[in-house]
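# Examination of the molecular architecture
Here is how the chains run, residue by residue.
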Amino acid sequence: AMQRKYILAPKQSFWLNWMHISKFAGVSMSLMLLVSAFAVTGYASIKSGPGQTLFQVKKSAEQLQLILSYNQEQKANLQLEITQKRLEESKQIFNNPNSNPQQEQAALAELSNQTSNAIAVVNNIAKSNPASDKNHPLLNTLDSLTKEQENLLADIKSNSDISTETSSASSTTSSAAASPDPLV
């Protein structure tokens, strides 16, 4: 009877050890799946465009970058980079024959809003440093962006029915490009 107790004891201990490893493996796999899900969602949100479901996640990440920027010039550079992204996204949407009118309107609205934000940040820098160059890199970047936007909006106006969004985006761009110095 005593031998039987010892024979069964290691099996029971082995069973408990196997269950412990199994729990560890289950937790590890769950953690890996969770991290993978976040990575796939993050990648999909980076590739998303205006009017798509994950676009708000992308905008939130960009807003977090803006909040974490440590000075106004870095914020302005980030705003201009985001404006460039919105311009490229708008071009892609309008060059895609499969895009729907809601995506096109969302792209124009986002482009208009982002352009306004970039102009506001660059204006704040100009107000804080009135003796800055007329050839400041931020001004040159903003000027080239507004020219690209004007070209895109002119193409859209001639090819599309989205008159209100186009006029809104056009007025935002024109207000920035109309004056020789958009910071004044």
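You'll find the structure just up there.
The following refers to the structure shown. (Residues numbered from 1 in each chain as written. Predicted model: local features only at pLDDT ≥ 70, side-chain atom pairs only at ≥ 80, totals over all residues. Heavy atoms only, no water.)

Here we take up the pattern of salt bridges. Overall, the coordinates contain seven salt bridges when judged by the stated rule. Here glutamate 89 makes a salt bridge to arginine 86, at a shortest N to O gap of 3.3 Å. One end of the pair, glutamate 89, and the other, arginine 86, are both in helix α3 (residues 72–95), three residues apart, so they sit about a helical turn from each other. No difference in accessibility class separates glutamate 89 from arginine 86, as the two residues are buried. (Salt bridge = Lys/Arg side-chain N within 4 Å of Asp/Glu carboxyl O. Helix = DSSP H or I, 4+ residues; strand = E, 2+ residues; numbered from the N terminus. Buried < 20%, exposed > 50% of the residue type's maximum accessible area, 1.4 Å probe, protein only.)

What follows is about helix α2 (residues 55–68). Residues three or four positions apart in an α-helix share a direction because the helix packs 3.6 residues into each turn. End to end, α2 covers 20 Å across 14 residues, agreeing with the expected 20 Å (1.5 Å per residue, within 8%). Taken together, the buried positions of α2 are Phe55, Lys58, Glu62 and Leu66. Axial view of α2: buried residues confined to an arc of 80°, hence all on one face. Counted as exposed and oriented over 90 degrees from the buried face of α2: Ile67 and Leu68. (Expected span 1.5 Å × (residues − 1). Arc of directions from axis to C-beta.)

Another aspect to go through is the layout of surface pockets. It is the rolling of a water-molecule-sized probe over the atoms that shows where space remains empty. Space inside the largest pocket adds up to approximately 280 Å³. Lining of the largest pocket is provided by 15 residues; of these, Lys47, Ser48, Gly49, Glu89 and Gln92 occupy positions nearest its centre. Of all the elements in the fold, those that place two or more residues in the lining of the largest pocket are α1 (2–47) and α3. For the lining of the largest pocket, the element with the most residues is α3, which contributes five residues. (1 Å grid on protein atoms, 1.4 Å probe; cavity = no way out; pocket = protein on both sides within 12 Å on 5 of 7 lines; lining within 4 Å. Points joined across faces, edges and corners; volume = space filled by probe spheres on them.)

An ideal rise of 1.5 Å per residue puts 34 Å on 24 residues; α3 measures up with 34 Å between its terminal C-alpha atoms. Of all the positions in α3, only Ala76, Leu78, Gln79, Leu80, Ile82, Thr83, Arg86, Leu87, Glu89, Ser90, Ile93 and Phe94 are classed as buried. On its buried face, α3 is in contact with α2, α4 (101–128) and α5 (137–159). Two to three positions downstream of the cap, the backbone nitrogen of glutamate 73 sits 3.3 Å from a side-chain oxygen, assigning the N-cap of α3 to asparagine 71. (Contact = heavy atoms within 4.5 Å. Polar contact = N/O pair within 3.5 Å; in protein donor to acceptor, adjacent residues only side chain to side chain.)

So far we have only geometry, and geometry alone does not tell us how the molecule works.
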